[in-house]
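# Observations on the three-dimensional arrangement
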Amino acid sequence: MTGQPILVTDRLLLRPFDLADASDVQRLAGDYEVASSDLGIPYPYPDGAAEAWIATLRPGFEKGVHAVYAVTLLGERNLVGAAGLVEVNRRHGRAELGYWVGRPYWGRGYATEAARAVIEYGFFVMGLHRVYAMHFSRNPASGRVMEKCGMVHEAHLREHDRKFGVFEDVEVRGVLRDEWRQRCTEPAIRECRVR
């Protein structure tokens, strides 16, 4: 595929971000509860940072270094969150899964549904061998999302990241393509098409 495809699941549409999403990214990701639970989201979320981040996404996809999606409800334009594969390493056939969901949408399974679609895309479209993810040890909800995606616990990294000036323990989880095929027999993606 030449352009970043749209991924459709049972309830979600995952599409490329555009600049019109910037204010929603700043509002949703900039919520303290969301930012404090994510390894990479700043708080407070600076003005202009969402636009700068979105501007990197298309060139990064074209270079093959990431595939990041705006997560929306099927049939709606409103942003729910983001999910994607970053740190794509073609030589080693691996990528890191990342995702966040705005607080108004927590507890509805959207993170799991979006993450499963992105993992499936990584294995069967990008040809990856391994997908891994990390979460703060104090955020077991993110670990449960990863477990529901077939990921197994691989490591506990003591004081691995610093968030808001505090060193945090981090958990690492991963899944291999063959494991995914065995554990996830129902397809996550219902449709994959280029815009």
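Report follows, based on the coordinates. (Residues numbered from 1 in each chain as written. Predicted model: local features only at pLDDT ≥ 70, side-chain atom pairs only at ≥ 80, totals over all residues. Heavy atoms only, no water.)

## Regarding the packing of helix H1 (residues 22-29) against helix H3 (residues 49-63)
Put simply, the test is: Each axis is a line fitted through C-alpha atoms, taken for helices only over the stretch in contact, and angles between the N-to-C directions span 0 to 180 degrees. Counting from the N terminus, the helices are DSSP H or I runs at least four residues long and the strands are E runs at least two residues long. Note on convention: the crossing is left-handed when the near helix lies turned anticlockwise from the far helix by less than a right angle, right-handed when the turn is clockwise. Here, two residues are considered to be in contact whenever any of their heavy atoms come within 4.5 Å of each other. Each residue is assigned to one class: nonpolar for Ala, Val, Leu, Ile, Met, Phe, Trp, Tyr, Cys and Pro, charged for Asp, Glu, Lys and Arg, and polar for all the others, Gly among them.
One can describe the packing of H1 onto H3 by two numbers: an axis separation of 8 Å at closest approach and a directional angle of 115 degrees. Helix-helix and strand crossings are classified by hand; for H1 and H3 the assignment is right-handed. Of H3, the residues touching H1 (which contributes Ala22, Val25 and Gln26) are Ala50, Glu51, Trp53 and Ile54. Residues belonging to the contact of H1 with H3 are distributed by class as follows: five nonpolar, one polar and one charged.

## A look at the packing of aromatic side chains
Condition: When two rings of Phe, Tyr or Trp (its six-membered ring) have centres within 6.5 Å they constitute a pair, described as stacked for plane angles under 30 degrees, edge-to-face for angles over 60, and tilted for the intermediate range. Using a 1.4 Å probe on the protein chains alone, a residue whose accessible area is under 20% of its type maximum counts as buried, one over 50% counts as exposed, and one in between counts as partly exposed. Criterion for a charge above a ring: Arg CZ or Lys NZ at most 6 Å from the ring centre, at most 35 degrees from the ring normal.
Counting across every chain of the model gives eight aromatic pairs. Ring centres of tyrosine 32 and phenylalanine 164 lie 5.6 Å apart, and the angle between their planes is 15 degrees; on these two criteria the pair is classed as stacked. Taken together, the residues span a long stretch of sequence, with tyrosine 32 in helix H2 (residues 32-37) and phenylalanine 164 in the loop between strand E7 (152-163) and strand E8 (166-176) at a distance of 132 residues. Accessibility expressed as a relative area gives 41% for tyrosine 32, which makes it partly exposed. For phenylalanine 164, a relative accessible area of 38% puts it in the partly exposed group. Where phenylalanine 123 meets phenylalanine 124, the ring centres are 6.4 Å apart and the plane angle is 70 degrees; that geometry is what we call edge-to-face. The exposure class assigned to phenylalanine 124 is partly exposed, which follows from its relative accessible area of 40%. Ring-pair connections join several aromatic residues into one group, and the members of that group are Tyr32, Tyr43 and Phe164. Here the basic side chain of lysine 163 rests over the ring of phenylalanine 164, its NZ or CZ set 5.1 Å away from the ring centre.

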